[in-house]
Amino acid sequence: MTTPTSLREAEMEARARRAVMESGDWLTVDEILQLPGVSSRSDCAQPAQWKQQGDIFTINDHGTEYYPLFGLEKEAGYRPYSVMSKIIDIFKEDKHGWGMAVWFQSVNSYLGGEKPQALIGSDPDLVIDAALDEVQGVMHG
């Protein structure tokens, strides 16, 4: 049975997913391989391998897998930021794909109103603390 609350939650989730996709912060494997400094021949530059190793996460939208551009460090040849694997590990029980996408792209009170994705490169430890705070809120809330 569909309740007004579950319908509202579904509408909120659909809006959040739309906002994530409309942000322009998501790339397909082919788009990543076209970035400057990324070589499709290099084993360490394979997005699927990054995901398998837990260095990055993806979302699936209409059968296409997308990687977060904000999780890739331009100065390192668009490899995943090292903090990404730590955050993915923190969320492994609570959030996957879309849940992490929404978290990274939402204003976060722990971060003083910043979005976690905006601080990955400049203050990764603070983003880790925010992720831990999020999980503790889920556990105790």
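Further up the page is the structure itself.
Model, not experiment: these values are computed from the prediction.

Caption draft 1: Seen up close, the overall build of the protein chain. When helices and strands are counted, the protein chain shows seven helices and five strands. Beginning at the N terminus, the succession of helices and strands in the protein chain can be written as α-β-α-α-β-β-β-β-α-α-α-α. What you see for the protein chain is a C-alpha radius of gyration of 16 Å, in line with the 14 Å of a compact globule of 141 residues. When its C-alpha atoms are laid out on the principal axes, the protein chain stretches across 50 × 35 × 25 Å. The proportion of buried residues among the 141 residues of the protein chain is 36%. Taking all contacts inside the protein chain whose residues are at least 6 apart in sequence as the whole, residues at least 24 apart take part in 55%. For the protein chain, the accessible surface area stands at approximately 8,300 Å², while carbon and sulfur atoms represent 49% of it. Once the 12 positive and 22 negative side-chain charges of the protein chain are each reduced to a mean point, those two points are 4 Å apart.

Caption draft 2: Up close: a negative patch on the surface. Among the surface-exposed residues, Asp123, Asp125, Asp129 and Asp133 lie close enough to one another that they form a single negatively charged patch. As for its placement among the helices and strands, aspartate 123 is situated in the loop between α6 (116-119) and α7 (124-140). For aspartate 123, a relative accessible area of 32% corresponds to the partly exposed category.

Caption draft 3: Structural detail: the packing of aromatic side chains. For the structure on display, the rule yields six aromatic pairs. Where tryptophan 103 meets phenylalanine 104, the ring centres are 5.1 Å apart and the plane angle is 75°; that geometry is what we call edge-to-face. For phenylalanine 104, a relative accessible area of 0% gives the class buried. Through pairs of rings, three or more aromatic residues link up here, namely Trp26, Phe57, Phe70, Phe91, Trp103 and Phe104.

Caption draft 4: Molecular detail of the nonpolar core. Counting 36 residues, the largest nonpolar core has Trp26, Phe57, Ile59, Ile87, Phe91, Trp103 and Phe104 as the members making the most contacts within it. Here the element with the most residues in this core is helix α4 (residues 82-91); it accounts for six residues. Those residues within four positions of isoleucine 87 in sequence are excluded, and the remaining contacts are Trp103, Phe104, Val127, Ile128 and Ala131.

Caption draft 5: Summary view of the packing of helix α1 (residues 4-22) against helix α5 (residues 97-104). Here α1 crosses α5 at 70°, and the two axes come no closer than 10 Å. Considering the angle they form, α1 stands roughly perpendicular to α5. Between α1 and α5, the contacting residues are Ala16, Arg17, Val20 and Met21 on the first element and Trp98, Ala101 and Val102 on the second. Across the contact of α1 with α5, the residue classes tally to six nonpolar, no polar and one charged.

Caption draft 6: Representation of α1 within the structure. Given a rise of 1.5 Å per residue, 19 residues ought to cover 27 Å, and the 27 Å separating the end C-alpha atoms of α1 matches this to within 8%. Positive phi shows up at glycine 24, right after α1, with a value of about 80°.

Caption draft 7: Up close: the side chain of threonine 28. Looking at where threonine 28 falls in the secondary structure, it is placed in the loop between β1 (26-27) and α2 (29-33). Apart from residues no more than four positions distant in its own chain, threonine 28 is found in contact with Thr64, Glu65 and Tyr66.

Caption draft 8: Quick look at the side chain of aspartate 25. The topology assignment puts aspartate 25 in the loop between α1 and β1. A distance of 3.1 Å separates the side chain of aspartate 25 from the side chain of glutamine 117, its partner in a polar contact. With residues near it in sequence (within four places) discarded, aspartate 25 still touches Tyr67, Pro68, Leu69, Phe70, Gln105 and Gln117.

Procedures and definitions
Residues numbered from 1 in each chain as written. Predicted model: local features only at pLDDT ≥ 70, side-chain atom pairs only at ≥ 80, totals over all residues. Heavy atoms only, no water. Helix = DSSP H or I, 4+ residues; strand = E, 2+ residues; numbered from the N terminus. Rg over C-alpha atoms; globule rule 2.2 N^0.38 Å. Buried < 20%, exposed > 50% of the residue type's maximum accessible area, 1.4 Å probe, protein only. Contact = heavy atoms within 4.5 Å. Areas by Shrake-Rupley, 256 points an atom, 1.4 Å probe, with all protein chains shown as cover. Lys, Arg positive; Asp, Glu negative; His and termini not counted. Charge placed at Lys NZ, Arg CZ, Asp CG, Glu CD. Patch = residues over 30% accessible without salt bridge, like charges linked within 9 Å, V, L, I, M, F, W, Y side chains within 5 Å. Salt bridge = Lys/Arg side-chain N within 4 Å of Asp/Glu carboxyl O. Phe/Tyr/Trp six-rings, centres within 6.5 Å; stacked < 30°, edge-to-face > 60°. Core = buried A, V, L, I, M, F, W, Y, C linked by side-chain atoms within 4.5 Å. Axes fitted to C-alpha atoms, helices over the stretch in contact; angles between N-to-C directions. Parallel < 35°, antiparallel > 145°, perpendicular 65-115°, else oblique. Nonpolar A, V, L, I, M, F, W, Y, C, P; charged D, E, K, R; others polar. Expected span 1.5 Å × (residues − 1). Polar contact = N/O pair within 3.5 Å; in protein donor to acceptor, adjacent residues only side chain to side chain.

Nothing here speaks to function; it is geometry throughout.
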